[in-house]
Amino acid sequence: MVKLPIRLRATQYRARMIRDRAHSLLGALRFRLVAVADIWSHPALRRLTTAWSVFFVIDSVSFVALSVWAFDRGGARAVGVIALCRLLPGAIALPVGAWASDRFPRPRVIMSVFAGQSAVLAALVIATLADSALVVVAGLVSVSGVIAAPYRPAHLAMLPLVARSPHELVAANVAGGAVEGAAMLAGPVLAAVLLLLGGPPAALGLALAVALLGCVVVARVHSPSDPSVVLRQASEGPFVALTGGLRMLRADRGLALVVGCFVTQLFV
């Protein structure tokens, strides 16, 4: 007689927890959709957000296509080589990419990234069609990683320049996270379809078309100000500029904690 009410209360509690969690998820989804709708009325933010999604579609489509191509040529070891060439050169070049995004006009940096990726993807399409050696494809993948290194810093530094209010800046960051997740899902799906229809060259051809679309999208993005003019006139050398972020993190513990959580999330 005592156990039944306890079980009933436990069941009601679990049902309430599930209902509250569903409401929380729906609220988070609604918040992201509203953020995307808010920035869609701002031409520059709309183009930057579209370019952000394009960047991740290119990355996911090309990675799936090249992994399948490499596995057909050399199994899991070849896939590991492609993955290493995709990540390691870009990671090494990232500090230099961040420095370049501060020292040159950010719209020009973003445009250069998409133009460079288009050229490398065109070469990858030709290399896979010609059944080139793994070292050739791995070299092109390494070049692509280095070219892509300045994109994130340039994009994230561009948003505060074109946003007209803190609300728009927050909305742009939320919308960026939403479209990034959608692009990381849609990219492999599109790659899978094209791999079935035409193999890795067809999937890489899609990545090339999307990269060219990125060039078109960002071509009309203009910044109302150009902080790189002041930074280029600064007397500090490249080494001081490259280590400036580390000095800032050492001086600001709150900022270091946020960056540390972000790095930990990426590592996981």
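Relevant structure appears above.
Residues numbered from 1 in each chain as written. Predicted model: local features only at pLDDT ≥ 70, side-chain atom pairs only at ≥ 80, totals over all residues. Heavy atoms only, no water.

1. Overview of the overall build of the protein chain
Counting its regular elements, the protein chain contains 10 helices and 0 strands. Order of helices (α) and strands (β) in the protein chain, N terminus to C terminus: α-α-α-α-α-α-α-α-α-α. A total of 268 residues make up the protein chain; the buried ones form 36% of that total. The long-range share in the protein chain, meaning contacts at least 24 apart out of those at least 6 apart in sequence, stands at 83%. Carbon and sulfur atoms make up 71% of the accessible area of the protein chain, which amounts to about 15,600 Å² in all. (Helix = DSSP H or I, 4+ residues; strand = E, 2+ residues; numbered from the N terminus. Buried < 20%, exposed > 50% of the residue type's maximum accessible area, 1.4 Å probe, protein only. Contact = heavy atoms within 4.5 Å. Areas by Shrake-Rupley, 256 points an atom, 1.4 Å probe, with all protein chains shown as cover.)

2. As for a nonpolar patch on the surface
There is a patch of nonpolar side chains on the surface, built from Met 248, Leu 255, Val 259, Phe 262, Val 263 and Leu 266 and spanning about 540 Å² of accessible area. Counting residues per element, the nonpolar patch draws most heavily on helix H10 (residues 253–267), at 5 residues. Looking at the secondary structure, you find Met 248 in helix H9 (residues 244–251). (Patch = residues over 30% accessible without salt bridge, like charges linked within 9 Å, V, L, I, M, F, W, Y side chains within 5 Å. Salt bridge = Lys/Arg side-chain N within 4 Å of Asp/Glu carboxyl O.)

3. Brief notes about the pattern of salt bridges
Enumeration over the complete set of coordinates arrives at 3 salt bridges. The salt bridge partner of Arg 73 is Asp 131, with a shortest N-O separation of 2.7 Å. Of this pair, Arg 73 sits in helix H2 (residues 43–103) while Asp 131 sits in the loop between helix H3 (106–129) and helix H4 (134–148), and the two are 58 residues apart along the sequence. Judged by relative accessible area, Arg 73 falls into the partly exposed class, the value being 42%. Judged by its relative accessible area of 47%, Asp 131 is partly exposed. The partner of Glu 168 in a salt bridge is Arg 164, with the nearest N and O atoms 2.6 Å apart. According to the relative accessible area criterion, Arg 164 is exposed, its value standing at 59%.

4. Here we look at the packing of H2 against helix H6 (residues 166–218)
At a closest axis distance of 4 Å, the pairing of H2 and H6 adopts a crossing angle of 35°. Across the contact of H2 with H6, the residue classes break down as 32 nonpolar, 8 polar and 3 charged. (Axes fitted to C-alpha atoms, helices over the stretch in contact; angles between N-to-C directions. Nonpolar A, V, L, I, M, F, W, Y, C, P; charged D, E, K, R; others polar.)

5. Some details on the packing of aromatic side chains
Counted according to the given criterion, the structure contains 5 aromatic pairs. Arranged with centres 5.0 Å apart and planes meeting at 75°, the rings of Trp 52 and Phe 56 form a pair that is edge-to-face. Here the residue Trp 52 and the residue Phe 56 both occupy positions in helix H2, the gap between them amounting to 4 residues, near one helical turn. With relative accessibility at 6%, the residue Trp 52 sits in the buried group. With centroids separated by 5.4 Å and ring planes inclined at 90°, the aromatic side chains of Phe 55 and Phe 56 adopt a geometry described as edge-to-face. Judged by its relative accessible area of 8%, Phe 55 falls in the buried class. (Phe/Tyr/Trp six-rings, centres within 6.5 Å; stacked < 30°, edge-to-face > 60°.)

6. Examining the side chain of Ser 60
By the secondary structure assignment, Ser 60 is in helix H2. A polar side-chain atom of Ser 60 sits 2.9 Å from the main-chain carbonyl oxygen of Phe 56. Only 3.2 Å separates the side chain of Ser 60 from the backbone oxygen of Val 57, close enough to count as a polar contact. Those residues in contact with Ser 60 that sit more than four places away from it in its chain are Ala 183, Met 184, Gly 187 and Pro 188. (Polar contact = N/O pair within 3.5 Å; in protein donor to acceptor, adjacent residues only side chain to side chain.)

7. Topic: H6
Its 53 residues give H6 an end-to-end C-alpha distance of only 22 Å, which falls more than 12% under 78 Å, the value for a rise of 1.5 Å per residue. The largest bend in H6 amounts to roughly 130° and is located at Gly 198, with the proline Pro 200 lying one to four residues further along. (Expected span 1.5 Å × (residues − 1). Bend = angle between axes of the 7 residues up to and from the residue.)

8. As for the packing of H3 against helix H5 (residues 151–162)
Remark: H3 packs on H5, axes separated minimally by 9 Å, with the N-to-C direction vectors making an angle of 145°. Two packed elements cross with a definite hand, and for H3 against H5 that hand is left-handed. Seen from H3, the contacting residues are Arg 106, Pro 107, Val 109, Ile 110, Val 113 and Phe 114; seen from H5, they are Tyr 151, Ala 154, His 155, Ala 157, Met 158 and Leu 161. By residue class, the composition of the contact of H3 with H5 is 10 nonpolar, 1 polar and 1 charged. (Left-handed = near helix turned anticlockwise from the far one by under 90°.)

9. Things to note about the nonpolar core
In terms of nonpolar packing, the biggest core is built from 55 residues, with Ile 110, Phe 114, Leu 124, Val 137 and Tyr 151 touching the most fellow members. Of all the secondary structure elements, the ones that give two or more residues to this core are H2, H3, H4, H5 and H6. In terms of residues, this core owes the most to one element, H2, which gives 18 residues. Discounting residues that sit within four places of it in the chain, Val 137 has contacts with Leu 66, Trp 69, Ile 82, Leu 124 and Ala 127. (Core = buried A, V, L, I, M, F, W, Y, C linked by side-chain atoms within 4.5 Å.)

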